[in-house]
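Residue-level structural notes
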Amino acid sequence: MTEGLKWTVNHVAKSDDKHLELMSEENVKKANEFHKSFPQYTVTPLQDLAELASYLGVKSIHCKDESYRFGLNAFKVLGGSYAMGRYIAKEVGKDISELPYAVLSSEELRKEFGQATFFTATDGNHGRGVAWAAKRLGQKAVVRMPKGTTKTRFDNIAKEGATVTIEEVNYDDCVRMAAAEAAKTEHGIIVQDTAWDGYEEIPSWIMQGYGTLALEADHQLEADECRPTHIFIQAGVGSLAGAVVGYFANRFKENPPIMTVVEAKAADCLFRSASKGDGSRVDVTGDMLTIMAGLACGEPNTVSWDILRNHADAFVSCPDWVSANGTRIYSSPMKGDERVISGESGSVTMGLVAAIMTKPELKELKEALKLDENSQ
């Protein structure tokens, strides 16, 4: 049964590709140097699931395990912290390389920069990352969360000292609410991991921050003498997907891996945009009910969509069973493989790879993606 799973190869009209440069190795290295200055920084593991790869009939499967990131169990803090650092650097007229963590968190810088309030909307991890970074930099954070948010996610953000509420609207409306509040607040800034026309600088910095995990994974693969042939990356608004696809498109210019963007069926705005094929973006509205709460975003990031339309090879819309299966595979590994603790949003890519390699009904997708025993 592959009920509800939809896919399309990328036939979208190409653009001038002006945003790809954002994720150049040079720009991502700069973000990584910034993260390295944090006392909490360590490189997260790249798990080599060799037994699973053998079972599914591919050469290797590597999973970037972000459950170890900064003690927050999620990659999102990479984006929020870097964007805040870049914003403060711009305000005080310095380059981000002059503002490592020790300087950013110092009393002198606080006096120079003053007190700002960073606003954001989140279904959990992005807001937690912004709240965490604001607390460490002596700044304020205000976080708005969509209806249906769990108490645990709310509490995790409140613990970081942010002002946080759960609103009776969906994620995209929470973004609008936070942006309107920031505009009315003295020294209020919206730090959002989605971009729209007229709001693209901070989201671009967030994407560069996410580049740290792509750069780490790249170096880890190199050390393993593994050249990836395929990358599967999940997408909500598409910021992480754009960051990872952008990084590897720059890294392997002549012969990039086959890169597949994976979404929750309830919020598959990128899949719908790609299916339309003319380059325009298609929004998904309504409640977007899915166990993949972190992917329940219906309006694509404009910067990221531009990178993905030029460099992603396929887009897949996945119902919840795909993610549930991925979570189970990670948590009950084959003998000899490491256990990976993943939330539903992170598991959907694993669930998809397993489905493609084991379900005859997905043979056409398997062939379209050129997945076989040599795939890494």
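This report concerns the structure included in the present document. (Residues numbered from 1 in each chain as written. Predicted model: local features only at pLDDT ≥ 70, side-chain atom pairs only at ≥ 80, totals over all residues. Heavy atoms only, no water.)

1. Comments concerning unusual backbone geometry
For Asp 17, which is not glycine, the phi dihedral falls at a positive 60 degrees. Looking at the secondary structure, you find Asp 17 in the loop between β1 (6-9) and α1 (25-36). (Helix = DSSP H or I, 4+ residues; strand = E, 2+ residues; numbered from the N terminus.)

2. Describing the sheet that holds strand β8 (residues 230-234)
With mixed pairing, the four strands of this open sheet are ordered in space as β1-β10-β9-β8. The two strands at the open ends of the sheet, each matched to only one other strand, are β1 and β8. Between one strand and the next, the sheet's axes are offset by a mean angle of 20 degrees, whatever the strand orientation. (Pairing = 2+ DSSP bridges. Axes fitted to C-alpha atoms, helices over the stretch in contact; angles between N-to-C directions.)

3. Re the layout of surface pockets
Here the second largest pocket defines a volume of roughly 330 Å³. Contributing to the lining of the second largest pocket are 15 residues, with Pro 146, Lys 147, Gly 148, Ala 293 and Ala 296 lying nearest its centre. Residues of the lining of the second largest pocket, tallied by class, amount to six nonpolar, five polar and four charged. (1 Å grid on protein atoms, 1.4 Å probe; cavity = no way out; pocket = protein on both sides within 12 Å on 5 of 7 lines; lining within 4 Å. Points joined across faces, edges and corners; volume = space filled by probe spheres on them. Nonpolar A, V, L, I, M, F, W, Y, C, P; charged D, E, K, R; others polar.)

4. Some points on the pairing of strand β4 (residues 117-121)
The element β4 is extensively covered by neighbouring structure, given that five of its five residues are classed as buried. What you see with β4 is no split at all: Thr 117, Phe 119 and Ala 121 on one side and Phe 118 and Thr 120 on the other are buried throughout. Bridge analysis of β4 against strand β5 (residues 140-145) gives five bridges, and the strand direction is parallel. Bridge pairing in β5 links Phe 118 to Ala 141. (Buried < 20%, exposed > 50% of the residue type's maximum accessible area, 1.4 Å probe, protein only.)

5. Overview of the sheet that holds strand β7 (residues 188-190)
The strands that make up a sheet pair up through hydrogen bonds in the backbone, lying either parallel or antiparallel. Across the sheet, which stays open at both edges, the four strands sit in the order β6-β5-β4-β7 with parallel pairing between neighbours. Unpaired on one side and paired on the other, β6 (163-166) and β7 mark the two borders of the sheet. The sheet shows a mean angle of 15 degrees between the axes of neighbouring strands, direction not considered. Here three bridges tie β4 to β7, and the two strands are oriented parallel to one another. When the bridges of β7 are listed, Phe 119 appears paired with Ile 190. Packed on one face of the sheet, helix α7 (residues 151-158) meets β5 and β6 and runs near 165 degrees to β6. (Contact = heavy atoms within 4.5 Å.)

6. Let's talk about the side chain of Thr 349
Tracing the backbone shows Thr 349 in helix α14 (residues 344-358). Among all residues touching Thr 349, those that are not within four sequence positions of it are Phe 232, Ile 233, Gln 234 and Val 262.

7. With respect to the pattern of salt bridges
This model, assessed by the stated rule, comprises 21 salt bridges. The structure contains a network of salt bridges with shared partners spanning Lys 64, Glu 66, Arg 69 and Glu 216. (Salt bridge = Lys/Arg side-chain N within 4 Å of Asp/Glu carboxyl O.)

8. A short note on the nonpolar core
Judged by nonpolar contacts, the single largest core of 93 residues is most densely connected at Ile 88, Phe 118, Val 191, Ile 202, Val 261 and Phe 315. Here Val 261 is in contact with Ile 233, Ala 235, Ala 241, Leu 270, Leu 308, Ala 312, Ala 314, Phe 315 and Val 316, once residues within four sequence places are set aside. (Core = buried A, V, L, I, M, F, W, Y, C linked by side-chain atoms within 4.5 Å.)

9. Digging into α1
Helix length check: α1, at 12 residues, gives a terminal C-alpha distance of 16 Å against a target of 16 Å (1.5 Å per residue), a fit within 8%. All of the buried residues in α1 are Val 28, Ala 31, Asn 32, Phe 34 and His 35. Down the axis, α1 shows its buried residues gathered within 155 degrees of arc, on one side only. (Expected span 1.5 Å × (residues − 1). Arc of directions from axis to C-beta.)

10. Here's the deal with the pairing of β5
With five of its six residues buried, β5 lies for the most part within the structure. In terms of handedness, the path from β4 via helix α6 (residues 125-136) over to β5 forms a crossover that is right-handed. Running through α7, the crossover from β5 to the neighbouring parallel element β6 is right-handed. (Right-handed = clockwise from strand over helix to strand, strands pointing away.)

11. Section: the packing of aromatic side chains
Going through the model one piece at a time under the given rule, you end up with 14 aromatic pairs. Taking the centre distance of 5.1 Å and the plane angle of 80 degrees together, the rings of Phe 75 and Tyr 210 count as edge-to-face. One end of the pair, Phe 75, is in the loop between β3 (62-64) and α3 (77-91); the other, Tyr 210, is in helix α9 (residues 201-223), with 135 residues separating them in the sequence. Judged by its relative accessible area of 0%, Tyr 210 is buried. Aromatic rings pair up to connect Phe 34, Phe 38, Tyr 41, Phe 70, Tyr 82, Tyr 101 and Trp 132 into one cluster. The ring of Phe 252 carries Arg 227 above its face, with NZ or CZ at 3.9 Å from the centroid. Directly above the ring of Phe 252 sits Arg 251, whose terminal nitrogen or CZ lies 4.7 Å from the centroid. (Phe/Tyr/Trp six-rings, centres within 6.5 Å; stacked < 30°, edge-to-face > 60°. Lys NZ or Arg CZ within 6 Å of the ring centre and 35° of its normal.)

12. As for the packing of α3 against α6
In contact at an axis separation of 8 Å, α3 and α6 are set at 45 degrees when each is read in the N-to-C sense. Classified by the angle their axes make, α3 and α6 are oblique. In this structure, the crossing between α3 and α6 has a hand that is right-handed. For the pair α3 and α6, contact is made by Val 77, Gly 80, Ser 81 and Met 84 and by Gly 129, Val 130, Trp 132, Ala 133 and Ala 134, respectively. Partitioned by chemical class, the residues of the contact of α3 with α6 number six nonpolar, three polar and no charged. (Parallel < 35°, antiparallel > 145°, perpendicular 65-115°, else oblique. Left-handed = near helix turned anticlockwise from the far one by under 90°.)

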